[in-house]
Amino acid sequence: MPEGIRDKVAIIGMGCSKFGEHWDLEPSDLMSEAFEECLLDSGIERSQIDAAWLSTAFDAVNVGPSAIPLATSLRLGYIPVTHVENMCASGTEAFRGACYAVASGAAEFALALGVEKLKDTGYGGLPARTRGVTNDLFSPTVSAPGAFAQLASGYRGTHNVSQSDLKRAMAHVSVKSHANGTLNSKAHLRREITIEQALKAPMVADPIGLFDCCGVSDGAACAIVTTPEIAMQLGKSNVISVKALQLSVSNGEESGFSSWDASNFKTTQIAANRAYKEAKITDPISEISMTEVHDCFSITELVTMEDLGLAKKGEAWKSILDGDFDSSGHTPCQIDGGLKCFGHPIGASGLRMLYEIYLQFNNRAEKRQLKNVNYGLTHNLGGHPIQNVCSVAIVGYFDG
Amino acid sequence: MVGIKKFGAYLPQRRLIRSSIASANAWFEPSLSSLSRGERTMSSWDEDSITMAVEAARDMGNLESITQIILASTTHPFSIRQNSVIAAEALNLKTSVRSADVGGSLRSSTSAILSGLDSSRANSEDTLILTSDKRVALAGSPTEMLSGDGAAGFVVGKNNVIASYLGSSSLSADFVDQFRASNERYDYLWEDRWVREEGWLKLIPPTISKALEKSDVDPSKVDHLIIPSQFPRVAEKIAKICGIEEKALCETLMNEVGQCGTAHPAILLSLVLSSAKPNQIIVAIGFGQGCDVLVFKTTNEINNYKPLTGVEGWLANRVEETNYDKFLTFNNLIQRDLGKRAELDRPPALTAQFRNREGVTGFRGGRCKKCETIQYPKSIYCVNPECRAKDSQGDYPFSELKGYVKTFTADHLVFSIDPPSYFGLVEFIGGGRMMVEFADVNNSDFDVGKAVKMRFRIKHLDDRRNTRQYFWKACPVKE
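Residues numbered from 1 in each chain as written. Chains lettered and ligands numbered in written order. Predicted model: local features only at pLDDT ≥ 70, side-chain atom pairs only at ≥ 80, totals over all residues. Heavy atoms only, no water.

### Focus: the overall build of chain A
And step 1. For chain A, the count of helices and strands is 15 helices and 11 strands.
And step 2. Taking 2.2 N^0.38 as the reference for a compact globule, 400 residues should give roughly 21 Å; the C-alpha atoms of chain A span a radius of gyration of 20 Å, in line with that estimate.
And step 3. Expressed as a percentage of the 400 residues in chain A, the buried residues total 66%.
And step 4. Pairs at least 24 apart in sequence give 77% of the contacts found in chain A among residues at least 6 apart. (Helix = DSSP H or I, 4+ residues; strand = E, 2+ residues; numbered from the N terminus. Rg over C-alpha atoms; globule rule 2.2 N^0.38 Å. Buried < 20%, exposed > 50% of the residue type's maximum accessible area, 1.4 Å probe, protein only. Contact = heavy atoms within 4.5 Å.)

Set out below in structure tokens:
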């Protein structure tokens, strides 16, 4: 395995817009809000940015194609700007591009910005879209909750867990994130819910009920990265560096070869293992302090705890009910409220997750501040359990 | 000796209880209650005359010998795009197969059988005759009450026939009991009494007599007389006029299925053949702007053939439906708010459709010649991570594979005309898996592990261009 980029890239600034139903804002407003915070935080000038990456997922209801919307919205200085789209991993993809540019020496300062404007469709949930003319000939037409709901039947079938036990654990995931979200002024949904409410919510895609789904919102988040050396020259104390940045993309085995048991994400397992090696982490449970995982639906977070090695196979539902991933648990998950409370403006989500970890590591997370953070992990999943893109990022204090 | 070598049928599983139609329309047309006995078949939104015909053909098993296909219907989905070619590709018939659509009359099915028999006599080859109808009638009309949806199929040819063709007689007369212009959805009907008295009772009996005479069969020797009429007592009167014993009259399935348009005489013939004994005389009639009368005699071979499901099997595969509103919606008889998700436009990509027709319509996947892994879709590199051979896959037919549900959900969010939409991962017995849509799901007993069989269905209706795209869906079956 290649050496990777451990401690070769430092995050010197991050910004995040308030997430929500911004009926009165353009994507450029959201980009500007995140960027202003990030630039101020970084301590550099706009003109010092050498290259930028823009991530979005739904062009048609968002900024449209190409990288031009980022360059024009922020009036960047005719620098190279790249537009990336990799479904729900898009935000982390933009970050990966920026980090690789710095690690390679091609750029001293690189910007990654993700934005998504989802509330211009006229209906709830993610916009309906095609999967391309050939796939549409035979692939089922599905909604996102429908695609992920299949995990629940796969998990039940593989691990012999009852529907009621699984539903209770799923409800716990959502109740926990809602409780965390109440402490975050940038979150979209900021009210607590009860187990009872989660269990009795209207069914969206069996067994995923309304409160098992993350919100849908508009938002933007961004990061400026450079080398740890430059970060220190800029006077940054406690330099926060990238420990691992991995991506795994399904090659069709899950959907076409009968080795996958449909109860987990093969991509997450592969990306996490690679990321742990890159970050030199040998015992994730004791070394990782916090996670921001892709809780598009509660069942996704549940199986992800197993895929990341934070719970035993077939037992995540028990660990969740035991509170292992609550704010007081051994590895708090979605301490900022997660996709559940922020909603999922797709291009922005990966960077929004990093933003929370960045705040925690800078001791700026206000009432939700965790003690003694070591490594923080973000995780995104795009697509369906059966065919998806998974990104895993690990950050921590620079120890080079 | 030419004749029928195989027969099959298909009936949708939903049975709309007629009293539910009558009660919903009673405020406007109370007289419908007089027709409200029994039930009628109700195809799903994703079934049409092509999909039902394909299922009737599959009911006959192996069709390798077929060199000609004729599809008879008065509700062909396409006027330009040969419907029988779509069926032929779904059935993986030889690409050299001759194909024809016939229609225009409720006797197009019997006319198609006659054409097939004539062809086989001339060239000694096997012809696949399919007939199918999904007639849409005006809401609250007697036709809506009395009609049904269904299909039947026959293989006709020379040698080893189960029913030999003895002869026929036809009559062409522009007797307009009903008509439907090319650009219309609904039939226009004339008064029942006239249709019965001047049509069925005057045009058919002399034609039966001629057919029997040509076939050298005495009327008293007729064992099964098939009169596909929705009118009560018409069959008895025709039998009496012709000197055929009343006990020869066959079940009309009016109370169980309804009148299935041009497919109806064929469905009844399929039913009769399923219980007929050797050396019995069968007379089948098609009526519409005249009539066709076909005379067959069963052979000993009839003891050696059974369709896979057959009319009786389909009759038993029954799910009661009392939701008339659903019937109206499925048949586009009510302007329903389908939600904004239904607005997603998916224009047809006819180039991609043609490139992928063997995989999509024919449902052929691949089997790696190196490692034998079965996979869908067929791909350049083998899906087996231990293999990855390039260009190694031969065709592997998926349509007849049985499988079981590995994952599923009932999705209430995604647009479906029949929500919730069921889909999930199916694992095929013997190898291969894929994510598919499910159809005909009864949610009370559907779960992981349930056995499924693949059926040819409409995947997507494109209302903007009035076209449709077909693919295969998994339907639950009894183990």
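### Focus: the interface of chain A and chain B
And step 1. Each side of the interface is counted separately: chain A has 44 residues, and chain B has 46 residues.
And step 2. Note on chain A versus chain B: buried area summed over both sides is about 3500 Å², and carbon and sulfur give 60% of it.
And step 3. Of all residues in chain A, A:L137, A:F138 and A:T141 bury the most surface against chain B, accounting for 20% of the area lost on that side.
And step 4. Run the count over chain A and chain B and you get 2 salt bridges.
And step 5. Linking chain A with chain B are 18 residue pairs in polar contact (both at pLDDT 80 or more).
And step 6. No other element matches the 8 residues that helix α5 (residues 144-159) of chain A contributes to the side of chain A that touches chain B.
And step 7. Tallied by class, residues from the side of chain A that touches chain B come to 18 nonpolar, 19 polar and 7 charged. (Buried area = accessible area lost by both parts, 1.4 Å probe. Salt bridge = Lys/Arg side-chain N within 4 Å of Asp/Glu carboxyl O. Polar contact = N/O pair within 3.5 Å; in protein donor to acceptor, adjacent residues only side chain to side chain. Nonpolar A, V, L, I, M, F, W, Y, C, P; charged D, E, K, R; others polar.)

### Side note on the domain arrangement of chain B
Residue and element names in this part refer to chain B.
And step 1. Domain annotation of chain B identifies domain 1 (2-330), domain 2 (340-361 + 401-476) and domain 3 (364-397).
And step 2. In this structure, domain 1 and domain 2 have C-alpha centres spaced 29 Å apart.
And step 3. Tallying the contact residues gives 23 residues for domain 1 and 20 residues for domain 2.
And step 4. Here domain 1 and domain 2 share an interface that buries about 2000 Å² over both sides, 53% of which is from carbon and sulfur atoms.
And step 5. Applying the counting rule to domain 1 against domain 2 returns 8 salt bridges.
And step 6. One salt bridge connects K326 with D418, and the closest N-O pair in it is separated by 3.7 Å.
And step 7. On inspection of domain 1 and its partner domain 2, the count reaches 12 residue pairs in polar contact (both at pLDDT 80 or more). (Domains from an automatic or database assignment.)

### As for the nonpolar core
Within soluble globular proteins, side chains that are nonpolar generally end up buried alongside one another.
And step 1. If you look at the biggest cluster of nonpolar residues, it comprises 108 residues, and the most contacted ones within it are B:L128, B:L130, B:F154, B:F296 and B:F438.
And step 2. Broken down by element, the residue count for this core peaks at 7 residues, all from helix α8 (residues 264-275) of chain B.
And step 3. Apart from the residues within four sequence positions on either side, B:F296 is in contact with B:I4, B:I113, B:L117, B:A163, B:S164, B:Y165, B:L166, B:L269, B:Q280, B:I281 and B:I282.
And step 4. Among the nonpolar cores identified, the runner-up in size contains 55 residues, and A:F148, A:Y155, A:I288 and A:L308 belong to it. (Core = buried A, V, L, I, M, F, W, Y, C linked by side-chain atoms within 4.5 Å.)

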